[in-house]
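As a plain string of letters, each chain reads:
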Amino acid sequence: MELLHRAVFTALGALSLVYALVKISLGYWKRRGILHEKPKFFWGNIKGVVTGQRHLQDALQDIYAAYKGRAPFVGFFACIKPFVLVLDLELVRHILVTHAGNFTTRGLYSNPSVEPLSGNLLQLDGHKWRALHAQSAGVFSAANINKLLPRLLQISRGFQSCLGKERLQTLNINQLVDSYNLEVVASMAFGLPVDHTEFRRWTQSYWSNFSLWRAYLALEFPLLARLLRHQSYDKAAMDYFQKVALGQLQEQRKRDRQPLQTFLQLYSRIEQPLDDVQIAAQAFGFVLAGLVPLNATLSFCLYELAQQPELQERVRAEIRGILKQHDGQLTQEGLKELLYTKQVLNETLRLHTPYPLLLRRATKEFELPGSVFVIARGNNVLIPTAAIHRDPAIYDEPLRFDPDRFEAEARRKRPAMSFLPFGDGLRGCIAAQFAEQELLVGLVALLQHHRYAPCAKTVIPQEYDNGRLLLMPKKELYLSVERTDN
């Protein structure tokens, strides 16, 4: 009986301690005197998100709409973790550009000593990220991206031929665009020459051991996670990606004077070359940061164009006109002339922003000029990009798909930092130019000879998958695909 009493008292003491710690954490913004939405016990401001009842974007959108204009930022809690939720575009500019030196880290978890491929540009912070970013800047220069265009076009032609010559068919659009983007990553990031069946399997399963709670704890207690040798990804998948990249690096060194076709080659040629495992980590970064967002963007783009055939015809007419001007070839100059096609892509990125938020962590205290607002050193900062992209004060009727928003004059009238699909500044997406080029080339291949329309299996409206951080279709997207006359 005495043992039972001790167990009960111990349990009650532990629960009381946990309760007190949670209450202390959730009182952070109140102690700071910062405006904030009252948090729910333990859940903070994301009740329903963890259980999949709503998307994180919905939680951010609600608070952004409720508090914008009342302060440049408000306090926000992801469970018990406090974040600065930025509401003011001028503050966004300070964080991303003007005072980017105060916000050089993202606060993501990485442990290259245990999980070597986590040593990529997306996950690294501190001096390791600075050194790697400096070494990578030349790899993603405009000149190098242009040199890779012939290989990208070669991939797109093969992809276009796979669409077939059937007059009318119903296709799974998610799988269709994945076959293109996966070919680009496998060929141009990893240097794989032919069959990519195994590569596809591992890109779909490297998150197989993902646990939201373990990921949250790794972010909250990174030192403990490293001590426990926590791994974010499936080990077998990481071993596969590393083996492929290392094997291709060895193969390319055996071949002399080969044409530039891969990022592995570019990384091998920099003045202060990385070791092979570091290069493999950057190749994995293409899978981690690029594959799913680009798939979602092309899928949503076709979905929107399928519902507005007049816009789709305008894009197709522009594509065919530009190709005709350049003797049927898609050149670098031709890509620059696809103005309306680029507007359509930008509108897709605005309305269906793949990454609904940007993360930063303050490495130095920052006082917003001309105000009493201070972001303390160590504060985690959250910029709600998707909420900004749907702000009716910036974009009239924000839920309407309208590529004319990105005409030159319309863009000039909007404030800076109002369109951030790839972030901006020091920690913006270093591969943004290549991603845009990949999307444009993909759209040309998809739309040049084919027309897309809703079919009996098309889900309208499309919903987002609440179980994913990114804004992705909840259900498979099917469209009717008709072969048009050349």
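Computed from a prediction, not measured in an experiment: that's the story for all the values here.

About the criteria used
- Residues numbered from 1 in each chain as written.
- Predicted model: local features only at pLDDT ≥ 70, side-chain atom pairs only at ≥ 80, totals over all residues.
- Heavy atoms only, no water.
- Patch = residues over 30% accessible without salt bridge, like charges linked within 9 Å, V, L, I, M, F, W, Y side chains within 5 Å.
- Areas by Shrake-Rupley, 256 points an atom, 1.4 Å probe, with all protein chains shown as cover.
- Salt bridge = Lys/Arg side-chain N within 4 Å of Asp/Glu carboxyl O.
- Helix = DSSP H or I, 4+ residues; strand = E, 2+ residues; numbered from the N terminus.
- Buried < 20%, exposed > 50% of the residue type's maximum accessible area, 1.4 Å probe, protein only.
- Pairing = 2+ DSSP bridges.
- Axes fitted to C-alpha atoms, helices over the stretch in contact; angles between N-to-C directions.
- Contact = heavy atoms within 4.5 Å.
- 1 Å grid on protein atoms, 1.4 Å probe; cavity = no way out; pocket = protein on both sides within 12 Å on 5 of 7 lines; lining within 4 Å.
- Points joined across faces, edges and corners; volume = space filled by probe spheres on them.
- Nonpolar A, V, L, I, M, F, W, Y, C, P; charged D, E, K, R; others polar.
- Core = buried A, V, L, I, M, F, W, Y, C linked by side-chain atoms within 4.5 Å.
- Parallel < 35°, antiparallel > 145°, perpendicular 65-115°, else oblique.
- Left-handed = near helix turned anticlockwise from the far one by under 90°.
- UniProt positions renumbered as here; feature names shortened; annotations may be inferred.
- Phe/Tyr/Trp six-rings, centres within 6.5 Å; stacked < 30°, edge-to-face > 60°.
- Lys NZ or Arg CZ within 6 Å of the ring centre and 35° of its normal.
- Expected span 1.5 Å × (residues − 1).

## Describing a nonpolar patch on the surface
Now for step 1: Nonpolar side chains collect at one region of the surface, where Leu217, Phe221, Leu224, Leu227 and Leu228 lie side by side and expose about 540 Å² of accessible area between them.
Now for step 2: Its location among the elements puts Leu224 in helix α11 (residues 222-227).
Now for step 3: Overall, the relative accessible area of 45% leaves Leu224 in the partly exposed class.

## Brief notes about the sheet that holds strand β1 (residues 73-78)
Now for step 1: Read from one edge of the open sheet, 4 strands run β1-β2-β7-β4, paired in mixed fashion. Where the open sheet ends on each side, the last strands, each with one partner, are β1 and β4 (358-361). In this sheet, neighbouring strand axes are inclined to one another by 35 degrees on average, regardless of whether the strands run parallel or antiparallel.
Now for step 2: Bridge count between strand β2 (residues 81-86) and strand β7 (residues 380-383): 3 bridges; the pairing is parallel. Residue Phe83 lies in a different strand from β7, and its bridge partner there is Asn380.
Now for step 3: Running over the sheet, helix α3 (residues 56-67) touches β1, β2 and β7 and is turned about 155 degrees from β1.
Now for step 4: The sheet strands contacting helix α4 (residues 89-98) are β1, β2, β4 and β7, and the helix crosses β7 at an angle near 120 degrees.

## Some details on the layout of surface pockets
Now for step 1: The volume enclosed by the second largest pocket comes to roughly 320 Å³.
Now for step 2: Class assignment of the residues belonging to the lining of the second largest pocket gives a composition of 5 nonpolar, 5 polar and 4 charged.

## Things to note about the nonpolar core
Now for step 1: Of all hydrophobic cores here, the largest spans 148 residues; its most connected members are Phe190, Phe199, Phe241, Ile375 and Tyr452.
Now for step 2: If one sorts the elements of this core by residue count, helix α14 (residues 276-307) sits on top with 18 residues.
Now for step 3: Filtering out sequence-adjacent residues up to four positions away, Phe190 remains in contact with Val185, Phe199, Phe241, Val244, Ala245, Gln248, Leu264, Ala283, Phe284 and Val287.

## A look at the packing of helix α8 (residues 173-189) against helix α20 (residues 432-447)
Now for step 1: Two elements in contact, α8 and α20, have axes whose closest approach is 11 Å; the angle formed by their N-to-C orientations is 135 degrees. Here α20 runs oblique to α8, going by the angle between their axes. The crossing of α8 and α20 is right-handed. The residues of α20 that touch α8, namely those facing Leu176, Val177, Tyr180, Asn181, Val184 and Met188, are Phe434, Glu438, Val441, Gly442 and Leu446.
Now for step 2: Residue composition of the contact of α8 with α20, grouped by class: 8 nonpolar, 2 polar and 1 charged.

## Quick word on the UniProt feature "binding site: heme" (unreviewed entry) in the protein
Now for step 1: UniProt marks Cys429 with the feature "binding site: heme" (unreviewed entry), using the numbering shown here.
Now for step 2: Tracing the sequence through the fold places Cys429 in the loop between α19 (408-413) and α20.

## Structural notes on the pattern of salt bridges
Charged atoms that come close allow side chains of opposite charge to pair.
Now for step 1: What the rule picks out here adds up to 20 salt bridges.
Now for step 2: Glu90 is paired through a salt bridge with Arg93; the nearest N and O atoms lie 2.1 Å apart. Linking Glu90 with Arg93, this pair stays in helix α4, spanning 3 residues, or about one helical turn.
Now for step 3: Judged by its relative accessible area of 37%, Glu90 falls in the partly exposed class.
Now for step 4: A salt bridge links Glu482 to Arg451, with the nearest nitrogen and oxygen atoms 3.3 Å apart. One end of the pair, Glu482, is in strand β9 (residues 478-483); the other, Arg451, is in strand β8 (residues 450-453), and 31 residues separate them in sequence.
Now for step 5: For Glu482, a relative accessible area of 29% gives the class partly exposed.
Now for step 6: What you see here is one network of salt bridges that share partners, running through Glu313, Arg316, Arg451 and Glu482.

## A short note on the packing of aromatic side chains
Now for step 1: Counted according to the given criterion, the structure contains 26 aromatic pairs.
Now for step 2: With 6.4 Å between their ring centres and 55 degrees between their planes, Phe199 and Tyr240 make a pair best called tilted. Of this pair, Phe199 sits in helix α9 (residues 197-203) while Tyr240 sits in helix α12 (residues 235-254), and the two are 41 residues apart along the sequence. Take Phe199 and Tyr240: they sit in the same class, and that class is buried.
Now for step 3: One aromatic cluster is present, formed by Phe190, Phe199, Trp202, Tyr206, Trp207, Tyr233, Tyr240, Phe241 and Phe284 through successive ring pairs.
Now for step 4: The side chain of Arg350 reaches across the aromatic face of Tyr395, ending 5.1 Å from its centre.

## Focus on the side chain of Gln343
Now for step 1: Mapped onto the elements, Gln343 comes out in helix α17 (residues 339-351).
Now for step 2: When residues no more than four places from it in sequence are discounted, the contact partners of Gln343 are Pro403, Asp404, Phe406 and Glu407.

## Focus: unusual backbone geometry
Now for step 1: The omega torsion of the bond from Ile460 to Pro461 falls at 0 degrees, within 30 degrees of zero and hence cis.
Now for step 2: We note that Met417 has phi near 75 degrees; this positive angle belongs to a residue other than glycine.
Now for step 3: By secondary structure assignment, the location of Met417 is in the loop between α19 and α20.
Now for step 4: Taking relative accessible area as the criterion, Met417 reaches 11% and is therefore assigned buried.

## Considering the packing of α14 against α20
Now for step 1: For the pair α14 and α20, interaxial distance at closest approach is 11 Å and the crossing angle is 40 degrees. Judged on the interaxial angle alone, α20 and α14 are oblique. Crossing of α14 over α20 shows right-handed handedness. Of the residues in α20, those touching α14 at Phe286, Leu294, Thr297, Leu298, Cys301, Leu302 and Leu305 are Phe434, Ala435, Glu438, Leu439, Leu443, Leu446 and Leu447.
Now for step 2: Here the residues of the contact of α14 with α20 sort into 12 nonpolar, 1 polar and 1 charged.

## A few points about α3
Now for step 1: End to end, α3 covers 17 Å across 12 residues, agreeing with the expected 16 Å (1.5 Å per residue, within 8%).
Now for step 2: Those residues of α3 lying buried are Leu56, Gln57, Ala59, Leu60, Gln61, Ile63, Tyr64 and Tyr67.
Now for step 3: The inward-facing, buried residues of α3 abut β1, β2, β7 and α18 (385-389).
Now for step 4: Among the residues trailing α3, Gly69 stands out with phi positive, at a value near 95 degrees.

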